[in-house]
Amino acid sequence: MPELVLHHYWRSSSSWRVRWALAIKGVPWRGEAVDLLTGAQGAAGFVAKSPMGYVPCLVVDGRPLSESMAIVHWLEETFPSPALLPADAFARARARQLAELVNAGIQPLQNLAVNRVVSSDKDAQRVWAARWIERGFASVERDLELLEREGLAGRHAIGDAVGLAELYLVPQLYNARRYQVDLAPYPRLLAVEAAALATEPAQAAHPDRFQP
Ligand SMILES: N[C@@H](CCC(=O)N[C@@H](CS)C(=O)NCC(=O)O)C(=O)O
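Residues numbered from 1 in each chain as written. Predicted model: local features only at pLDDT ≥ 70, side-chain atom pairs only at ≥ 80, totals over all residues. Heavy atoms only, no water.

A. Structural view of the environment of Leu84. Among the structural elements, Leu84 can be located in the loop between helix H3 (68–78) and helix H4 (89–103). Beyond its immediate stretch of four places on either side in the chain, Leu84 contacts Ala21, Ile24, Lys25, Val72, Glu76, Gly163, Leu164 and Leu167. (Helix = DSSP H or I, 4+ residues; strand = E, 2+ residues; numbered from the N terminus. Contact = heavy atoms within 4.5 Å.)

Set out below in C-alpha coordinates:
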(Lines give C-alpha, C1' and ligand atoms only; values in the text may rest on other atoms or scores of the structure.)
Protein backbone atom coordinates (compact mmCIF):
# COMPACT_ATOMS: atom_id res chain seq x y z
CA MET A 1 0.00 0.00 0.00
CA PRO A 2 1.57 3.36 -1.01
CA GLU A 3 1.82 6.13 1.59
CA LEU A 4 -0.71 8.81 0.62
CA VAL A 5 -0.59 12.40 1.89
CA LEU A 6 -3.38 14.65 0.66
CA HIS A 7 -2.76 18.40 0.67
CA HIS A 8 -6.25 19.87 0.77
CA TYR A 9 -8.49 22.64 2.06
CA TRP A 10 -11.65 21.72 3.93
CA ARG A 11 -14.07 23.83 1.84
CA SER A 12 -12.40 23.34 -1.57
CA SER A 13 -14.72 21.48 -3.93
CA SER A 14 -11.77 20.01 -5.83
CA SER A 15 -10.33 18.65 -2.57
CA TRP A 16 -13.68 17.07 -1.69
CA ARG A 17 -13.62 15.14 -5.00
CA VAL A 18 -10.38 13.41 -4.02
CA ARG A 19 -11.32 12.82 -0.34
CA TRP A 20 -14.52 11.23 -1.64
CA ALA A 21 -12.72 8.96 -4.11
CA LEU A 22 -10.36 7.85 -1.31
CA ALA A 23 -13.35 7.15 0.96
CA ILE A 24 -15.14 5.08 -1.71
CA LYS A 25 -11.97 3.06 -2.29
CA GLY A 26 -11.39 2.69 1.46
CA VAL A 27 -7.74 3.68 1.07
CA PRO A 28 -5.94 5.11 4.15
CA TRP A 29 -4.46 8.60 3.79
CA ARG A 30 -3.05 11.40 5.89
CA GLY A 31 -4.13 15.01 5.43
CA GLU A 32 -2.08 18.21 5.30
CA ALA A 33 -4.25 21.35 5.46
CA VAL A 34 -3.45 24.18 3.01
CA ASP A 35 -5.20 27.35 4.16
CA LEU A 36 -6.33 29.07 0.95
CA LEU A 37 -7.48 32.15 2.84
CA THR A 38 -3.97 32.93 4.10
CA GLY A 39 -2.42 32.21 0.69
CA ALA A 40 -0.61 29.05 1.79
CA GLN A 41 -1.15 27.67 -1.73
CA GLY A 42 1.34 30.24 -3.03
CA ALA A 43 4.20 29.18 -0.73
CA ALA A 44 7.25 28.00 -2.64
CA GLY A 45 7.21 24.64 -0.86
CA PHE A 46 3.66 23.96 -1.99
CA VAL A 47 4.07 25.22 -5.58
CA ALA A 48 7.04 22.85 -5.87
CA LYS A 49 4.50 20.05 -5.37
CA SER A 50 1.49 21.53 -7.19
CA PRO A 51 2.64 23.63 -10.18
CA MET A 52 -0.54 25.78 -10.34
CA GLY A 53 -0.50 26.31 -6.59
CA TYR A 54 -3.88 24.61 -6.33
CA VAL A 55 -5.27 22.01 -3.98
CA PRO A 56 -5.73 19.08 -4.08
CA CYS A 57 -2.30 17.56 -4.33
CA LEU A 58 -1.81 13.91 -3.45
CA VAL A 59 1.73 12.89 -2.55
CA VAL A 60 2.22 9.23 -3.36
CA ASP A 61 5.27 7.72 -1.63
CA GLY A 62 6.89 11.17 -1.82
CA ARG A 63 5.87 11.86 -5.44
CA PRO A 64 3.32 14.71 -5.86
CA LEU A 65 0.31 14.46 -8.15
CA SER A 66 -2.02 17.39 -8.76
CA GLU A 67 -5.26 17.98 -10.72
CA SER A 68 -8.17 16.07 -9.26
CA MET A 69 -8.99 14.32 -12.56
CA ALA A 70 -5.46 12.89 -12.77
CA ILE A 71 -5.53 11.92 -9.09
CA VAL A 72 -8.95 10.25 -9.28
CA HIS A 73 -7.94 8.28 -12.38
CA TRP A 74 -4.69 7.20 -10.69
CA LEU A 75 -6.76 5.97 -7.74
CA GLU A 76 -9.16 4.17 -10.08
CA GLU A 77 -6.30 2.39 -11.86
CA THR A 78 -4.42 1.58 -8.66
CA PHE A 79 -7.42 0.52 -6.56
CA PRO A 80 -9.96 -0.69 -9.16
CA SER A 81 -12.59 -1.87 -6.70
CA PRO A 82 -15.12 -0.44 -5.97
CA ALA A 83 -15.06 1.18 -9.40
CA LEU A 84 -15.74 4.88 -9.93
CA LEU A 85 -16.40 4.36 -13.62
CA PRO A 86 -18.94 2.09 -15.37
CA ALA A 87 -17.79 -1.06 -17.20
CA ASP A 88 -19.19 0.05 -20.57
CA ALA A 89 -16.88 2.40 -22.55
CA PHE A 90 -19.70 4.68 -23.72
CA ALA A 91 -21.14 5.01 -20.20
CA ARG A 92 -17.60 5.75 -18.95
CA ALA A 93 -17.29 8.54 -21.50
CA ARG A 94 -20.67 9.94 -20.42
CA ALA A 95 -19.51 9.95 -16.79
CA ARG A 96 -16.39 11.87 -17.81
CA GLN A 97 -18.56 14.24 -19.87
CA LEU A 98 -20.60 15.17 -16.78
CA ALA A 99 -17.47 15.55 -14.66
CA GLU A 100 -15.85 17.78 -17.29
CA LEU A 101 -18.90 20.05 -17.44
CA VAL A 102 -17.92 20.96 -13.89
CA ASN A 103 -14.15 20.53 -14.08
CA ALA A 104 -13.64 22.53 -17.28
CA GLY A 105 -16.88 24.49 -17.69
CA ILE A 106 -17.85 25.74 -14.23
CA GLN A 107 -15.34 25.46 -11.38
CA PRO A 108 -12.36 27.20 -13.05
CA LEU A 109 -14.51 30.31 -13.62
CA GLN A 110 -15.37 30.69 -9.94
CA ASN A 111 -12.03 29.77 -8.45
CA LEU A 112 -10.54 32.05 -5.78
CA ALA A 113 -7.74 33.21 -8.08
CA VAL A 114 -10.22 34.13 -10.86
CA ASN A 115 -12.68 35.81 -8.49
CA ARG A 116 -9.95 38.10 -7.19
CA VAL A 117 -9.17 39.30 -10.73
CA VAL A 118 -12.84 39.80 -11.60
CA SER A 119 -13.46 42.19 -8.70
CA SER A 120 -12.43 43.01 -5.15
CA ASP A 121 -16.14 43.44 -4.32
CA LYS A 122 -17.62 40.30 -2.73
CA ASP A 123 -21.07 40.83 -4.27
CA ALA A 124 -19.66 41.36 -7.77
CA GLN A 125 -17.68 38.12 -7.29
CA ARG A 126 -20.87 36.34 -6.27
CA VAL A 127 -22.77 37.58 -9.34
CA TRP A 128 -19.92 36.52 -11.63
CA ALA A 129 -19.64 33.04 -10.10
CA ALA A 130 -23.41 32.52 -10.06
CA ARG A 131 -23.67 33.40 -13.75
CA TRP A 132 -21.29 30.60 -14.79
CA ILE A 133 -22.68 28.11 -12.30
CA GLU A 134 -26.22 28.69 -13.60
CA ARG A 135 -25.12 28.31 -17.22
CA GLY A 136 -23.24 25.11 -16.37
CA PHE A 137 -26.02 23.63 -14.25
CA ALA A 138 -28.55 24.21 -17.06
CA SER A 139 -26.27 22.07 -19.27
CA VAL A 140 -25.88 19.44 -16.56
CA GLU A 141 -29.67 19.28 -16.12
CA ARG A 142 -30.14 18.74 -19.88
CA ASP A 143 -27.43 16.09 -19.82
CA LEU A 144 -29.08 14.24 -16.91
CA GLU A 145 -32.38 14.22 -18.82
CA LEU A 146 -30.58 12.81 -21.87
CA LEU A 147 -29.02 10.08 -19.73
CA GLU A 148 -32.49 9.09 -18.51
CA ARG A 149 -33.76 8.92 -22.10
CA GLU A 150 -30.72 6.87 -23.13
CA GLY A 151 -31.42 4.42 -20.30
CA LEU A 152 -28.01 5.09 -18.74
CA ALA A 153 -29.30 6.64 -15.51
CA GLY A 154 -30.08 4.36 -12.59
CA ARG A 155 -30.24 4.91 -8.85
CA HIS A 156 -27.41 7.39 -9.42
CA ALA A 157 -26.43 9.74 -12.29
CA ILE A 158 -25.06 6.86 -14.34
CA GLY A 159 -26.06 3.35 -13.33
CA ASP A 160 -26.54 2.24 -9.75
CA ALA A 161 -23.25 3.32 -8.18
CA VAL A 162 -21.94 6.68 -7.04
CA GLY A 163 -19.02 7.48 -9.32
CA LEU A 164 -16.97 10.09 -11.14
CA ALA A 165 -19.99 12.23 -12.10
CA GLU A 166 -21.10 12.65 -8.47
CA LEU A 167 -17.55 13.42 -7.33
CA TYR A 168 -17.71 16.56 -9.47
CA LEU A 169 -21.41 17.48 -9.39
CA VAL A 170 -22.09 17.32 -5.65
CA PRO A 171 -19.18 19.52 -4.45
CA GLN A 172 -20.15 22.03 -7.15
CA LEU A 173 -23.65 22.21 -5.65
CA TYR A 174 -22.04 22.98 -2.29
CA ASN A 175 -20.21 25.89 -3.98
CA ALA A 176 -23.41 27.04 -5.69
CA ARG A 177 -25.12 27.43 -2.31
CA ARG A 178 -22.22 29.53 -1.06
CA TYR A 179 -22.82 31.82 -4.06
CA GLN A 180 -26.59 31.84 -3.33
CA VAL A 181 -27.55 30.24 -6.64
CA ASP A 182 -31.26 29.36 -6.90
CA LEU A 183 -31.21 25.58 -7.40
CA ALA A 184 -34.94 25.12 -8.09
CA PRO A 185 -34.46 24.90 -11.89
CA TYR A 186 -32.26 21.78 -11.49
CA PRO A 187 -34.45 19.01 -9.98
CA ARG A 188 -32.51 16.16 -11.57
CA LEU A 189 -29.23 17.52 -10.25
CA LEU A 190 -30.72 17.87 -6.77
CA ALA A 191 -31.97 14.27 -6.93
CA VAL A 192 -28.48 13.08 -7.89
CA GLU A 193 -27.08 15.02 -4.93
CA ALA A 194 -29.61 13.61 -2.44
CA ALA A 195 -28.94 10.03 -3.54
CA ALA A 196 -25.18 10.51 -3.34
CA LEU A 197 -25.18 12.27 0.03
CA ALA A 198 -27.14 9.39 1.51
CA THR A 199 -24.05 7.20 1.10
CA GLU A 200 -21.44 6.86 3.85
CA PRO A 201 -18.30 7.75 1.80
CA ALA A 202 -19.88 11.05 0.70
CA GLN A 203 -20.44 12.00 4.33
CA ALA A 204 -16.96 10.85 5.38
CA ALA A 205 -15.42 13.19 2.80
CA HIS A 206 -17.81 16.13 3.37
CA PRO A 207 -16.26 19.56 4.10
CA ASP A 208 -18.12 19.75 7.44
CA ARG A 209 -15.96 16.87 8.66
CA PHE A 210 -12.75 18.77 7.91
CA GLN A 211 -13.64 22.27 9.06
CA PRO A 212 -10.88 23.38 11.44
N1 LIG B 1 -8.62 21.58 -12.03
C2 LIG B 1 -8.12 21.59 -10.67
C3 LIG B 1 -8.74 22.73 -9.93
C4 LIG B 1 -8.11 22.95 -8.58
C5 LIG B 1 -8.59 24.23 -7.94
O6 LIG B 1 -9.14 25.09 -8.59
N7 LIG B 1 -8.36 24.31 -6.62
C8 LIG B 1 -8.77 25.50 -5.91
C9 LIG B 1 -9.63 25.14 -4.71
S10 LIG B 1 -11.11 24.28 -5.19
C11 LIG B 1 -7.55 26.23 -5.39
O12 LIG B 1 -6.60 25.62 -4.94
N13 LIG B 1 -7.57 27.56 -5.46
C14 LIG B 1 -6.51 28.36 -4.94
C15 LIG B 1 -6.47 29.73 -5.54
O16 LIG B 1 -7.33 30.06 -6.36
O17 LIG B 1 -5.56 30.47 -5.18
C18 LIG B 1 -8.41 20.25 -10.02
O19 LIG B 1 -9.37 19.60 -10.46
O20 LIG B 1 -7.68 19.82 -9.12
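B. Region of interest: the packing of aromatic side chains. This structure, assessed with the given rule, holds 7 aromatic pairs. Taken together, a centroid distance of 5.9 Å and an interplanar angle of 25° make the contact between Trp16 and Trp20 stacked. Placement of both Trp16 and Trp20 in helix H1 (residues 13–25) is noted, with a separation of 4 residues, approximately one turn of the helix. The residues Trp16 and Trp20 share a single accessibility class, namely buried. Each ring, one from Trp128 and one from Trp132, has its centre 5.6 Å from the other, and the planes form 70°; the classification is edge-to-face. In this pair, Trp128 and Trp132 both sit in helix H6 (residues 122–149), 4 residues apart, roughly one turn of the helix. Here a set of aromatic residues connected by ring pairs shows up, and it is made of Trp16, Trp20 and Tyr174. (Phe/Tyr/Trp six-rings, centres within 6.5 Å; stacked < 30°, edge-to-face > 60°. Buried < 20%, exposed > 50% of the residue type's maximum accessible area, 1.4 Å probe, protein only.)

C. Quick peek at the side chain of Gln107. Tracing the sequence through the fold places Gln107 in the loop between H4 and helix H5 (112–118). Those residues in contact with Gln107 that sit more than four places away from it in its chain are Ser13, Ser14, Arg17, Val102 and Gln172.

D. Seen up close, H3. Ser68, Met69, Ile71, Val72, His73, Leu75 and Glu76 are the residues of H3 that are buried. Lining the buried residues of H3 we find strand S1 (4–8), H1, strand S3 (57–60), strand S4 (63–66), H4 and helix H7 (164–178).

E. Up close: the domain arrangement of the protein. Assigned domains within the protein: domain 1 (4–81) and domain 2 (89–202). Between the C-alpha centres of domain 1 and domain 2 the distance comes to 20 Å. On the side of domain 2, 24 residues touch domain 1, which itself brings 17 residues to the contact. Summed over both partners, the interface of domain 1 with domain 2 buries about 1900 Å², with 63% contributed by carbon and sulfur atoms. For domain 1, the biggest contributors to the area lost against domain 2 are Trp16, Arg17 and Trp20; these three give 39% of the whole. On the surface where domain 1 and domain 2 come into contact, there are 0 salt bridges. Our count for the domain 1 to domain 2 interface comes out at 6 residue pairs in polar contact (both at pLDDT 80 or more). (Domains from an automatic or database assignment. Buried area = accessible area lost by both parts, 1.4 Å probe. Salt bridge = Lys/Arg side-chain N within 4 Å of Asp/Glu carboxyl O. Polar contact = N/O pair within 3.5 Å; in protein donor to acceptor, adjacent residues only side chain to side chain.)

F. Fine view of the nonpolar core. One finds Trp20, Leu98, Phe137, Leu144, Leu167, Leu169 and Leu189 to be the most contacted residues of the largest nonpolar core, which totals 61 residues. Among the elements that make up this core, the one with the highest residue count is H7 (9 residues). When residues are assigned to domains, this core turns out to be shared by domain 1 (4–81) and domain 2 (89–202), each giving three or more. If we ignore the near neighbours within four places in the chain, the residues touching Leu144 are Leu98, Ala157, Arg188, Leu189 and Val192. (Core = buried A, V, L, I, M, F, W, Y, C linked by side-chain atoms within 4.5 Å.)

G. Highlighting the pattern of salt bridges. In this structure the tally under the stated criterion is 8 salt bridges. Between Asp143 and Arg94 there is a salt bridge whose closest N-O contact spans 2.9 Å. On the criterion of sequence distance, the pair formed by Asp143 in helix H6 and Arg94 in helix H4 is long-range, its members being 49 residues apart. The salt bridge involving Arg188 is made with Glu148; its shortest N-O contact spans 3.1 Å. Taken as a pair, Arg188 in helix H8 (residues 187–197) and Glu148 in helix H6 lie far apart in primary sequence, 40 residues in all. For Arg188, a relative accessible area of 26% gives the class partly exposed.

H. Highlighting the sheet that holds S1. Strand order in this open sheet of 4 strands is S2-S1-S3-S4, and the pairing throughout is mixed. Unpaired on one side and paired on the other, strand S2 (30–33) and S4 mark the two borders of the sheet. Strand-to-strand twist of the sheet, defined as the mean angle between neighbouring strand axes without regard to direction, takes the value 25°. With 4 bridges joining them, S3 and S4 adopt antiparallel strand pairing. By the bridge assignment, Leu58 is partnered in S4 with Leu65. Packed onto the sheet, H3 meets S1, S3 and S4 and runs at close to 120° relative to S4. (Pairing = 2+ DSSP bridges. Axes fitted to C-alpha atoms, helices over the stretch in contact; angles between N-to-C directions.)

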